[in-house]
Amino acid sequence: MSKKVKVSVQGLYKIFGDDGASKVELVKNGMTKSELLDQHGHVLGLQDINVDMKEGEITVIMGLSGSGKSTLIRHLNRLIEPTAGKILLDGEDILSLQGDNLLEMRRTRMSMVFQKFALFPHRTVAENAALALEVGGASKQEQRAEAEKWLARLGLKGFEDSYPNQLSGGMQQRVGIARALCAHSEVMLLDEAFSALDPIIRSQMQDLLLELQKELHKTIIFITHDLDEALKLADHLVILKDGYVIQQGEPQHIILNPSDVYIERFVSDINRARVLRTRSIMKPLGGQDLSVALPVLADDNLESVIEMVHGDTSKSFVVEENGEQLGYFDMHDIVAAMVPQRAKEEWVG
Amino acid sequence: MSSYSGLFDLLGMREWCDEDKKPSLMSLGKLKGGEANWYDVKFPSLDNLHEACAKVPQTRDFTAGIEDGFLAIRPVLRTVLDPLTQPLSWALDGALWLFTSAPWWLLVPVLFGLCVFVTKSWKIGALVLSFLATFLFIDHYDHAMQTLAIIFVCTLICVVVGVPLGIAMSKSDRLQRAITPILDMLQTLPTFVYLIPLIFLFKITEPKLYGLAIILYAIVPVVRLTNLGIRLVDPDVIEAAEAYGLNKRKKLWGVEIPLALPTIMAGINQTIMMSLAMVVIASLVSAPGLGTLVLDGINNLRLGVGFVAGFAIVLLAILLDRVSKAALDRVNATQSNH
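Quick notes on the rules
- Residues numbered from 1 in each chain as written.
- Chains lettered and ligands numbered in written order.
- Predicted model: local features only at pLDDT ≥ 70, side-chain atom pairs only at ≥ 80, totals over all residues.
- Heavy atoms only, no water.
- Disulfide = S-S within 2.5 Å.
- Buried < 20%, exposed > 50% of the residue type's maximum accessible area, 1.4 Å probe, protein only.
- Axes fitted to C-alpha atoms, helices over the stretch in contact; angles between N-to-C directions.
- Helix = DSSP H or I, 4+ residues; strand = E, 2+ residues; numbered from the N terminus.
- Parallel < 35°, antiparallel > 145°, perpendicular 65-115°, else oblique.
- Left-handed = near helix turned anticlockwise from the far one by under 90°.
- Contact = heavy atoms within 4.5 Å.
- Nonpolar A, V, L, I, M, F, W, Y, C, P; charged D, E, K, R; others polar.
- Arc of directions from axis to C-beta.
- Domains from an automatic or database assignment.
- Salt bridge = Lys/Arg side-chain N within 4 Å of Asp/Glu carboxyl O.
- Phe/Tyr/Trp six-rings, centres within 6.5 Å; stacked < 30°, edge-to-face > 60°.
- Lys NZ or Arg CZ within 6 Å of the ring centre and 35° of its normal.

Visitor: Is there a simple way to explain the state of the cysteines in this structure?
Guide: The bond known as a disulfide is covalent and runs between the sulfur atoms of two cysteines. All names here are of chain B. Under the criterion given, the structure shown has zero disulfides over all chains. Left without a disulfide partner, Cys 115 is nearest to the cysteine sulfur of Cys 154, which lies 19 Å away. Free of any disulfide, Cys 158 has its nearest cysteine sulfur in Cys 154, 6.6 Å distant. The class of Cys 158 is buried, set by a relative accessible area of 0%.

What follows is the structure, encoded as structure tokens:
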């Protein structure tokens, strides 16, 4: 996995207040959020954020409200200006962009999908979808054609001339996604894009996003407060708390090795059988009796494995990928994996 | 002698007080007469202090000072304001000429067509037609058209000045803080008070005198509601506009103004109604129209004349309100209720 880094956030600080810049040193020297507020009247938004977002991957930034995740995503297209740090897009520091160049970058290289959809209520669905093209000066026919193409792809054929408030929430968010896709940008920023939707619609939209991603290979940065959603979508998971990153990495790894009590509490609530995959709990091959082991795929989740053997606890399994045997586990390992791990404790499998 | 004489004696200022004593204007208190006792002790107002010490100015001197000050700067104000406001006089004269010299059989269909075009409603058109017919029938048509012409010009100027001002206010908190008290003052100042400084400034026969009075009074709602409308545009939508690279101009024309339009239109409706209210009062300073008939009714105790003219003003108000509201509803409809 050595994909190119598309967006890189380095040493990012955001301090809200009249004179945030002068307070960065204080925070670097260990002043906490509450001390900064009490003594200087400034609010610490983000603190030493370092995240690499790889090309073609879905990076999920997760945190509860107030953790700074929405602030962070707005730094990426500079809707919010950082107090200190660097944001690199394809290696170019976007903080150096000014005026028209900045607008150009927002229009062509990053597109955003919003929690509350933020469609223009006075424009039709097609006009909303083609926003970035219109701003870029494309012809009317081109705008229409592109909007129709993406709206049809998202299942909104026939709604081109409707107005956003005539559509349901799920459909409105599809328009929001179509608007982002019409921009042809390589990076998509989704700010709690599915949080305002009903659970079933939300799940459908997640599937839709994954399906689109298989086809389009965008660099997606997804913000959510929902761990199940994060685990479903993430290639790379970043967990944010009070404005700093407490853990980031592969989702499976985070579930099995929570680095902090906070994450441990988070992780303890999820359906582990559905989230964990066989490759996450397998043990290295060697010495096991593989003659009775059933073959499973590395990306199968444990739920499907349990279902396969109808809960028979005597079975053992061999993990395969592309015909190659990768590892081994038995039912005891599955049962052990169901129990949440304690932070920083050695996991005995 | 007033009870405050002792005070000036005590302070050793008696000599200074009496330096150039001359008979003073009779104060309001003195007219009433009566012995002073502890129960009637007077507040040390300017008039009361003046009684005790002639050096202290009376309140009348204070108001006279304002008059003198105003008279002193009047030439300067006139040289600046006269040329600036001259186009207003021309516009009013032109509109009055247009509305009164066009024959009724031409103007009535034109107005009817205009109203139907703006409102897209035959019902409103029929209402307009019946009101205009009423004016014609009771011989109030000419006066009503004069009033309408004045409102037309003044509202137009209010919109042309007020909408950009409101937009500027919505973009700058500092400007909003500076202008809001002025708007508050314009809105609360009694309507007659507008006329006082204007009478000093301009010749009473000039149309710009009443034109300015009407504009100052009626511009407030359109400025306020434009400011409010733009400020109330959903911040999420603004953020989306920014995230897709709209520049300031496109954001204003493509998002903010269209979304604020219903509120701005409500402001214009209010401005029209306030122009109508002021145009009646402005007949005191030679504004033509239905107001002159009301004034005639008051001055000469012609009850019938005043009453019928008042009724005609009500009809005109209903007409203007319905037409502008219907136009507003159409704007609303194109926004959201398809």
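Visitor: Would you mind going over the packing of helix 12 (residues 235-243) of chain B against helix 13 (residues 248-281) of chain B with me for this structure?
Guide: Think of two packed helices as two axes; the pair is described by the angle between the axes and how far apart they sit. All names here are of chain B. Viewed as axis vectors pointing N to C, helix 12 and helix 13 meet at an angle of 165°, and their least axial separation amounts to 11 Å. The angle between helix 12 and helix 13 falls in the class roughly antiparallel. Seen from above, helix 12 lies across helix 13 with right-handed handedness. Packed against helix 12, whose contacting residues are Val 237, Ile 238, Ala 241 and Glu 242, the element helix 13 presents Lys 251, Val 255, Glu 256 and Leu 259 at the interface. Grouping the amino acids of the contact of helix 12 with helix 13 by side-chain chemistry returns five nonpolar, no polar and three charged.

Visitor: Which parts of the structure should I look at to understand helix 10 (residues 191-201) of chain B?
Guide: It helps to recall that an α-helix has 3.6 residues per turn; residues three or four apart then point in one direction. All names here are of chain B. If you check which residues of helix 10 are buried, you get Thr 191, Tyr 194, Leu 195, Leu 198 and Leu 201. Taken down its axis, helix 10 places every buried residue within 115° of arc, on the same side. Along its buried surface, helix 10 packs onto helix 5 (59-101), helix 9 (173-188), helix 11 (207-231) and helix 13.

Visitor: Teacher, can you tell me more about the packing of helix 7 (residues 140-153) of chain A against helix 8 (residues 169-182) of chain A here?
Guide: Residue and element names in this part refer to chain A. The interhelical angle for the contact between helix 7 and helix 8, taken along N-to-C directions, is 130°, at an axis separation of 9 Å. Relative to helix 8, the element helix 7 lies oblique. Classified by chirality, the crossing of helix 8 by helix 7 is right-handed. Across from Glu 146, Ala 147, Trp 150 and Leu 151 in helix 7, the residues of helix 8 making contact are Val 175, Ala 178, Leu 181 and Cys 182.

Visitor: Would you take a moment to explain the domain arrangement of chain B for this structure?
Guide: Note on interface size: it is often stated as the accessible area lost on association of the parts. Per the domain assignment, the segments making up chain B are domain 1 (2-56) and domain 2 (72-337). Computed from C-alpha coordinates alone, the two centres of domain 1 of chain B and domain 2 of chain B are separated by 51 Å.

Visitor: Is there a simple way to explain the pattern of salt bridges in this structure?
Guide: Any two side chains of opposite charge can pair, on the condition that their charged atoms come close. Residue and element names in this part refer to chain A. Counted by the stated rule, this structure contains 35 salt bridges over all chains. Note that Asp 161 and Arg 144 form a salt bridge whose closest N and O atoms lie 3.0 Å from each other. With Asp 161 in the loop between helix 7 and helix 8 and Arg 144 in helix 7, this residue pair connects regions lying 17 residues apart in the sequence. Asp 161 gets classed as exposed once you look at its relative accessible area, which sits at 52%. Residue Arg 144 is classed as partly exposed on the basis of its relative accessible area of 30%. The closest approach of N and O atoms between Arg 279 and Glu 250, which form a salt bridge, is 2.9 Å. Residue Arg 279 is located in helix 14 (residues 278-281), and its partner Glu 250 is located in the loop between strand 10 (244-249) and helix 11 (251-256); the two are separated by 29 residues in the primary sequence. By relative accessible area, Arg 279 is classed as partly exposed at 30%. One continuous salt-bridge network, built from bridges that share partners, spans Lys 4, Lys 6, Glu 55, Asp 90, Glu 92, Arg 109 and Glu 186.

Visitor: Sorry, what's going on with the packing of aromatic side chains here?
Guide: Two aromatic rings, taken as a pair, are described by how far apart their centres are and by the angle between their planes. Summed over the entire model, instances satisfying the criterion amount to six aromatic pairs over all chains. Seen in terms of ring centroids, Phe 194 of chain A and Phe 222 of chain A are 5.4 Å apart; in terms of plane orientation they differ by 55°. Their pairing is tilted. With Phe 194 of chain A in the loop between strand 7 (187-191) and helix 9 (199-216) and Phe 222 of chain A in strand 8 (residues 219-224), this residue pair connects regions lying 28 residues apart in the sequence. Exposure class is identical for Phe 194 of chain A and Phe 222 of chain A. Each is buried. Judged by centre distance (6.0 Å) and plane angle (50°), the ring pair of Phe 99 of chain B and Phe 152 of chain B falls under tilted. With Phe 99 of chain B in helix 5 and Phe 152 of chain B in helix 8 (residues 141-171), the pair connects residues that are 53 residues apart, well separated along the chain. Assessed through its relative accessible area of 9%, Phe 99 of chain B is described here as buried. Classification of Phe 152 of chain B as partly exposed rests on a relative accessible area of 48%. It is Lys 120 of chain B that lies over the ring of Phe 117 of chain B; its NZ or CZ is 4.5 Å from the centre.

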